[in-house]
Amino acid sequence: MNKTKSFNISKRKVYEAYKRVKANKGAAGVDGQTINEFEENLKDNLYKIWNRMSSGSYFPPPVKIVEIPKKNGGIRVLGVPTVEDRIAQMTVKLYFEPMVEPYFHNDSYGYRPGKSAIDAVGVTRKRCWRYNWVLEFDIKGLFDNIDHELLMKAVRKHTDCKWIILYIERWLTAPFQNKDGDLIKRYAGTPQGGVISPVLANLFMHYAFDYWMVKNYKNNPWARYADDAVVHCRTKAEAELLHSKLKQRFEDCKLELHPEKTQIVYCKDDDRKENHPIIKFDFLGYTFRPRRSKNRYGKYFINFTPAVSNKACKAMRQTIRNWRIHLKPDKELVDISRMFNPVIRGWINYYSHFYKSGLYPVLRHMNKALIHWIRRKYKKLNRHRKRAERWLGRIAKQSPQLFAHWKMGILPAAE
């Protein structure tokens, strides 16, 4: 142990924290310093973080406010810490996360090692076949409204390490800085965008919801991803009662259910004959609803199952439009592939797990964008959409590996 320092923090952990922050990339904070600029004097900068944290004299700078448009038209406020502060937060996370992870529930999927949103969608799909009703809910502004006193009570339950407690408290109250440079005091919440925030949000929700459900409603399975969750119920009355109890529970924890994103859903299929106005819900980019499916014997039936949501499809098509591929006639097809294929591959990897044909219209939209590009690039094809389509179709058959959706067989017409 270092006798000259108040707190025993490993230099190796600070270096590991830097490597993780670098891998995550991210924008500059209020000081405008990028990760590349931080690296220009890496050894000294890392020593400075370690030295200040070890002596108890590290105070986080203000958190830069960045407004991100939501898919539904609203604004999501992200808090962007400086590179230095992200490394400091990651250092605490490396110590603190292993302390709380073993206590978290198996059906908490958000921001956790070894768990994913697809896992949550998959388990929800199976449970919708066994339970007739779903209570879907969303918490209004979870990251903005977490009560500091209740959160610190939970932190102290899992650690008595003074420096972890000290720095978490300082991060919770570090002010925001808006684009005009004004400082805004914070009395609740943990900034969405902070490195330590997802662990703290999960810890808060562990006691506000997960542990409470296990204790009081052990016969109602659920899946939660951060502030978005579904609970399965056997009857409508059970779902209604749980809704009112959950509303009260979150009010006790100084949170609020989102009125427009909280609803009771009937998982209708061929065998379920009740009438209910709501027979679909969205969860993690997928829409669960009755769909025509085929069994192993080739017989069609109505199945309650997920597929990519209309909202997600609309966002992907808008992304393709924003690429403005047709304005890049100076590029070759291989350049276009290199530029955009990683994003397309990401969409396919996420949205093709369940009912993958729901994604086909988006992938065909990408083919249309490529045809538009060909007609701009090659003047002889400018007035001949069909010829351009056939030209691209021939290339797709010859080199299906060029684009991820071509490998799936979503090709432009070659003939």
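Note that the structure is predicted; figures quoted are calculated from it, not measured. (Residues numbered from 1 in each chain as written. Predicted model: local features only at pLDDT ≥ 70, side-chain atom pairs only at ≥ 80, totals over all residues. Heavy atoms only, no water.)

1. Structural notes on the overall build of the protein
From N to C terminus, the protein includes 15 helices and eleven strands. By its C-alpha atoms, the protein is 75 × 60 × 40 Å across when sized along the principal axes. Evaluated residue by residue, the protein yields a buried proportion of 49% over its 415 residues. Taking all contacts inside the protein whose residues are at least 6 apart in sequence as the whole, residues at least 24 apart take part in 67%. As displayed, the protein offers around 21,900 Å² of accessible surface, 49% of which is attributable to carbon and sulfur atoms. Where the 78 positive side-chain charges of the protein centre and where its 41 negative ones centre are 8 Å apart. (Helix = DSSP H or I, 4+ residues; strand = E, 2+ residues; numbered from the N terminus. Buried < 20%, exposed > 50% of the residue type's maximum accessible area, 1.4 Å probe, protein only. Contact = heavy atoms within 4.5 Å. Areas by Shrake-Rupley, 256 points an atom, 1.4 Å probe, with all protein chains shown as cover. Lys, Arg positive; Asp, Glu negative; His and termini not counted. Charge placed at Lys NZ, Arg CZ, Asp CG, Glu CD.)

2. Considerations on the pairing of strand β6 (residues 222-225)
By the bridge criterion, four bridges tie β6 to strand β7 (residues 228-233) in an arrangement that is antiparallel. Across the sheet, residue W222 finds its bridge partner in β7, namely V231. (Pairing = 2+ DSSP bridges.)

3. Quick notes on the packing of helix α1 (residues 11-24) against helix α3 (residues 42-55)
Relative orientation and spacing of two packed helices are given, respectively, by the angle between their axes and the distance between those axes. Between α1 and α3, the shortest axis-to-axis distance is 10 Å and the interhelical angle comes to 120 degrees. Regarding the angle of α1 to α3, the classification is oblique. Here the hand of the crossing between α1 and α3 comes out right-handed. Between α1, through K11, V14, Y15 and Y18, and α3, the contact on the second element is made entirely by L42, L46, Y47, I49 and W50. (Axes fitted to C-alpha atoms, helices over the stretch in contact; angles between N-to-C directions. Parallel < 35°, antiparallel > 145°, perpendicular 65-115°, else oblique. Left-handed = near helix turned anticlockwise from the far one by under 90°.)

4. Describing the sheet that holds strand β11 (residues 300-308)
Spatially, the three strands line up as an open sheet ordered β9-β10-β11, and their pairing is antiparallel. The open sheet has two edge strands, β9 (281-283) and β11, and neither has a second partner. Sheet twist, expressed as the average angle between the axes of neighbouring strands with direction ignored, equals 50 degrees. Sheet topology places strand β10 (residues 286-294) next to β11; nine bridges connect them, and they run antiparallel. Bridging across to β11, R289 finds its partner in T305.

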